[in-house]
Amino acid sequence: MPLTFFKSKSSPLWKRISSDDSTRLRLKYDTYYHIFERQEGTRVFKDGKEFIMLSSNDYLGLSNHPRIKEAGIQAIKKWGSSTTGARLANGGRIFHQELEEKLADFLGKEACHVYSAGYLACASAVTGFAERKDLILADKNLHSSLWSGIQLSGARCERFAHNNPSHAAEILEDEEDSNKIFVLEGVYSMEGHIAKLPDFVEIAKKYNAFLILDDAHGFGVLGKDGRGTAEHFGMTDDVDVLCASFSKSLAGAGGFVASSKEAINYMRSHSKQTIFSAALSPASCACAQEALQVMQDEPEHRERLFKNLERYRGILADLELDTWESETPAIPIVLGEKEKVYYFWKALLEKGIYAIISIAPGVPPGKDLIRTAISASHTDEDLDRIEEAMIYAKSKI
């Protein structure tokens, strides 16, 4: 092992690294970057202790589906581990095209492009279309991937209050002629809120604005057969660009951008994230394609998800815990103070329940919370233990 204390650290950057309070506090309280030794369904194991996972985005519980696992295995046998290149150059294969065609057809769009990460996909959905002379109107609670895309585009950005169409309209009243782009999420993952898409579409039409929708947490959950937020409102044709990741309902890795053929070709010419990133692996492609098919063949997974969601909401309501009016399987427990959040989280761990802490500035001030998510794979026994743990955790604050 290298002995780092013998190395010269003359750069001032080392002082910034060694004195960083965020890192020091994270390591002290051990709240993130946990490693689990194994997993069995909803159960994960750390340091010899079993936990029920209550913060996974595996909404449909497909991560261990035998058809999906077998699809990944067969893809590796046929194609190997990687295509070792970007799609622009040498990395494209027929399985990328097949997945893109199936996704586009499922979503009601003409074309699609798949990526090796959801973060890349969502950033590309912005950088592929926005330019410096454009105006972006962004919900202030957007995911980091979208903010990265906004910053990289160089476009001017105006933030509006979370899920507040009226505020967005007020901003536009004072804007002169320019290309206007709305950037929204279908479902906001920290809050569980569904975008007020009909109102935003009405404003977008009034001002001839382009509309980009990140539906990572709506895809697979909302709409007919899980087609997402736009389909949920019957507004697929009103959304110019859809993007999402495969790591939620499809229980895989990667992401996509879907739109018209003309728009996808334009994005492939202008988005550096699209041009220079390595292609999605054969196994990830195969797993995503099979998961998409399972989602359509086996509606019982969504049915179980909503059954579990109904019971979980009832548990939290009986305890009078603030869920920030969540409408989806992503359910926050808002406690409002960092200390309360920490002790609530520790109490859940004591009872064998694993959830995630989110505190300011990751959430608005006064909205410090425990982020939880329900899955179709949660059993009745899991929910019994979750209920017991929630009662115990509330008693500790």
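Scroll up for the structure.
Residues numbered from 1 in each chain as written. Predicted model: local features only at pLDDT ≥ 70, side-chain atom pairs only at ≥ 80, totals over all residues. Heavy atoms only, no water.

(A) Layout of unusual backbone geometry. With an omega of 10°, the peptide bond between A360 and P361 qualifies as cis. With respect to the helices and strands, the residue P361 is situated in the loop between strand 15 (356-358) and strand 16 (369-373). Not every positive phi belongs to a glycine, and N163 is a case in point at roughly 55°. Even without glycine at this site, E320 takes up a positive phi of about 55°. By the element assignment, E320 lies in the loop between helix 13 (300-318) and strand 13 (330-334). (Helix = DSSP H or I, 4+ residues; strand = E, 2+ residues; numbered from the N terminus.)

(B) Focus on the sheet that holds strand 15. Pairing in this open sheet of three strands is antiparallel, and the strands run 13-16-15 from one edge to the other. In this open sheet, the two edge strands, each paired with only one partner strand, are strand 13 and strand 15. The sheet shows a mean angle of 35° between the axes of neighbouring strands, direction not considered. Pairing between strand 13 and strand 16: five bridges, direction antiparallel. By the bridge assignment for strand 16, I331 is matched with T372. Across the face of the sheet, helix 13 comes into contact with strand 13 and strand 16 while running at roughly 5° to strand 13. (Pairing = 2+ DSSP bridges. Axes fitted to C-alpha atoms, helices over the stretch in contact; angles between N-to-C directions. Contact = heavy atoms within 4.5 Å.)

(C) Summary view of the sheet that holds strand 4 (residues 111-115). Taken in spatial order, the seven strands make up an open sheet running 4-12-11-10-7-5-6, and their pairing is mixed. Both edges of this open sheet fall to strand 4 and strand 6 (156-160), since each of them pairs with a single strand only. For this sheet, the mean inter-axis angle between neighbouring strands, taken without regard to orientation, is 20°. Set on the sheet, helix 10 (residues 261-270) makes contact with strand 4 and strand 12 (255-259); between it and strand 4 the angle comes to about 35°.

(D) Summary view of empty space enclosed by the protein. In total, this model carries one cavity of 30 Å³ or more according to the counting rule given. Its volume calculated, the largest cavity comes out at about 40 Å³. Looking at the lining of the largest cavity, the elements with two or more residues in it are strand 4 and helix 11 (272-276). The biggest single contributor to the lining of the largest cavity is strand 4, with three residues. Classifying every residue of the lining of the largest cavity gives four nonpolar, five polar and one charged. (1 Å grid on protein atoms, 1.4 Å probe; cavity = no way out; pocket = protein on both sides within 12 Å on 5 of 7 lines; lining within 4 Å. Points joined across faces, edges and corners; volume = space filled by probe spheres on them. Nonpolar A, V, L, I, M, F, W, Y, C, P; charged D, E, K, R; others polar.)

(E) Spotlight on the pattern of salt bridges. Enumeration over the complete set of coordinates arrives at 22 salt bridges. For the salt bridge of D238 with K205, the shortest nitrogen-to-oxygen distance reads 3.3 Å. Of this pair, D238 sits in the loop between helix 9 (229-232) and strand 11 (241-245) while K205 sits in helix 8 (residues 197-206), placing them 33 residues apart in sequence. On the accessibility criterion, D238 (26% relative accessible area) is partly exposed. Given the relative accessible area of 54%, K205 is considered exposed. Taking the shortest distance from any N to any O, the salt bridge between K351 and E388 comes out at 3.9 Å. (Salt bridge = Lys/Arg side-chain N within 4 Å of Asp/Glu carboxyl O. Buried < 20%, exposed > 50% of the residue type's maximum accessible area, 1.4 Å probe, protein only.)

(F) Inspection of the packing of aromatic side chains at higher detail. Summed over the entire model, instances satisfying the criterion amount to 13 aromatic pairs. Lying across the ring of Y392, K351 places its NZ or CZ 4.7 Å from the centre. (Phe/Tyr/Trp six-rings, centres within 6.5 Å; stacked < 30°, edge-to-face > 60°. Lys NZ or Arg CZ within 6 Å of the ring centre and 35° of its normal.)

(G) Here's a closer look at the layout of surface pockets. Size it by volume and the largest pocket reaches roughly 1200 Å³. Listing elements by their share of the lining of the largest pocket, those giving two or more residues are helix 2 (21-29), helix 14 (338-350), strand 15 and strand 16. For the lining of the largest pocket, the leading source of residues is helix 14, giving five residues. Split into classes, the residues belonging to the lining of the largest pocket amount to 18 nonpolar, 18 polar and five charged. In this structure, the second largest pocket spans a volume of roughly 350 Å³. What lines the second largest pocket is a set of 16 residues, and nearest its centre among them are N141, L142, H143, M190 and G362.

(H) Quick look at the environment of E327. By the secondary structure assignment, E327 is in the loop between helix 13 and strand 13. Note: C-alpha distance between E327 and L309 (18 residues apart in sequence) is 9.9 Å. If sequence neighbours within four positions are ignored, E327 has contacts with G192, H193, I194 and R313.

(I) A look at helix 7 (residues 165-173). Those residues of helix 7 that fall on the buried side of the exposure criterion are P165, A168, A169, I171 and L172. Down the axis of helix 7, the buried set is contained in an arc of 155°. They therefore lie on one face. Next to the buried residues of helix 7 lie strand 5 (135-139), strand 6, strand 7 (180-185) and helix 8. One side-chain oxygen at the N-terminal end of helix 7 lies 3.2 Å from the backbone nitrogen of S166; it belongs to N164. (Arc of directions from axis to C-beta. Polar contact = N/O pair within 3.5 Å; in protein donor to acceptor, adjacent residues only side chain to side chain.)

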